[in-house]
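# Summary of the model geometry
Listed below are the residues making up each chain.
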Amino acid sequence: MNILNIKNCPPSGRTQACSIRKGDFDIEKLSDYVQQQSVECYFAGSDSWVILSPIEQSIKRKIEAVGTPLKDWDINIYRGVLTGYNEAFIISTEKRDEILANCLTEDERTRTAELIRPILRGRDIKRYGYNWTNLWLINTHNGIRGKLERVHIEDYPAIKAHLDQYWDKISKRADKGDTPYNLRNCAYLEDFSKPKVIWKIIGCNINFCFDEKQMICNNAVDIMIGDREKLIQFVGLMNSKLFDWYLKLTTEAEVQGGGIQLYVTTLEKTLVKLDFCNEFTSIIDERIHGIIDDETLNSAVFDVYKLTDTERKYISECKQVTRT
């Protein structure tokens, strides 16, 4: 709920504002609470109104003063693969082994093994890494116009025999390719084989990891492609305490059930700096490989954004920063 007290006078852009949480005050003493707890906020532009304390305003200014919208860093963000019927197209290692064992020739077995790719789900994504749960995607892709021919199921009899068990479902699904055996069009299919950042779209925490093992992801995940060094810096920033605080403030949206969602359209507007020095990239790379701990990484992020000791202490102790 928002309560506005408006005065008829020329606008100054400055507003006395107060954020109140349930149980923080006696409603009969609301005016006293606002007078004691309010802060002066500057609401002159078109940006969303955010009520912040002086120290929070200072930290936010430091992040945004050196930042550029993410979309302007020569990156591309895509969602993971949508199968239309996961039960048929996402399989266990045991089922993969069974399909390979049913191949009639060594040539078919080799081609089939190449077509079945390891896949990650949103729940598999952790901070800086992932826990692959031995699931595989039957990547009967629909091709890429002018670059790659679609998969012809007749060339993969063992896979066809598996998918035929689900014909009633896969033939009626909306998300399919030229035939029910094919996945829907995915123009960026080859980008899954490039170095990329991966994060799940919805959850209690939004964690980011860096992948160079050509993993495919399902549609509960977004990926980002771009320059390797910028990708690594992005992972370090997004997983830091500073940006956990900043994303909750500016970017993440609460969803039903208490989770949060990170919308691509909002993330692309987030102001970040991805051309810090090579030393900063090396520090993040060490955290990705488990050589250093979170405290060292967070300290490096505080350094590049030139936070004061008071500001560092505030972020480190902030209750909003709860990512695990």
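Summary of the structure given here. Residue numbers run consecutively from 1 along every chain, following the written order of its sequence. Under the rules for a predicted model, residues below a pLDDT of 70 receive no local features and side-chain atom pairs below 80 are neither given nor counted, while totals for whole chains, interfaces and linings still include all residues. Remark: hydrogens and water are excluded; side-chain values derive from all non-hydrogen atoms of the structure.

## Topic: the pairing of strand S10 (residues 208-211)
Think of it in three bands: with a 1.4 Å probe and only protein chains considered, a residue is buried below 20% of the maximum accessible area for its type, exposed above 50%, and partly exposed in between. Labels follow the DSSP assignment, with helices taken as runs of H or I lasting at least four residues and strands as runs of E lasting at least two, numbered in each case from the N terminus. The two faces of S10 match: Phe208 and Phe210 on one face and Cys209 and Asp211 on the other face are all buried. A pair of strands is treated as paired once DSSP finds two or more bridges between them. Note that strand S8 (residues 196-200) and S10 share 4 bridges and pair antiparallel. Considered in S10, the bridge of Ile198 is made with Cys209.

## Quick word on the packing of aromatic side chains
Between 30 and 60 degrees the pair is tilted, below 30 it is stacked and above 60 it is edge-to-face, where a pair is any two Phe, Tyr or Trp rings, Trp via its six-membered ring, whose centres lie within 6.5 Å. Following the criterion strictly, the structure yields 12 aromatic pairs and no others. Ring centres of Tyr78 and Tyr188 lie 4.2 Å apart, and the angle between their planes is 5 degrees; on these two criteria the pair is classed as stacked. With a gap of 110 residues between them, Tyr78 in strand S4 (residues 76-79) and Tyr188 in the loop between helix H7 (167-170) and S8 connect regions that are remote in the sequence. For Tyr188, a relative accessible area of 18% corresponds to the buried category. Ring plane angle 40 degrees and centroid distance 6.0 Å describe the contact between Tyr188 and Phe192, whose orientation is recorded as tilted. There is no split in this pair, since Tyr188 and Phe192 are both buried. Ring pairing ties together the aromatic residues Phe243, Tyr246, Phe276, Phe280 and Tyr305, which thus form one cluster. Across the ring face of Phe276, the terminal group of Lys273 is positioned such that the distance to the ring centre comes to 5.3 Å. Charge-over-ring contacts are defined here by two conditions on Lys NZ or Arg CZ: a distance within 6 Å of the ring centre and an angle within 35 degrees of the ring normal.

Shape descriptors only; they carry no functional weight alone.
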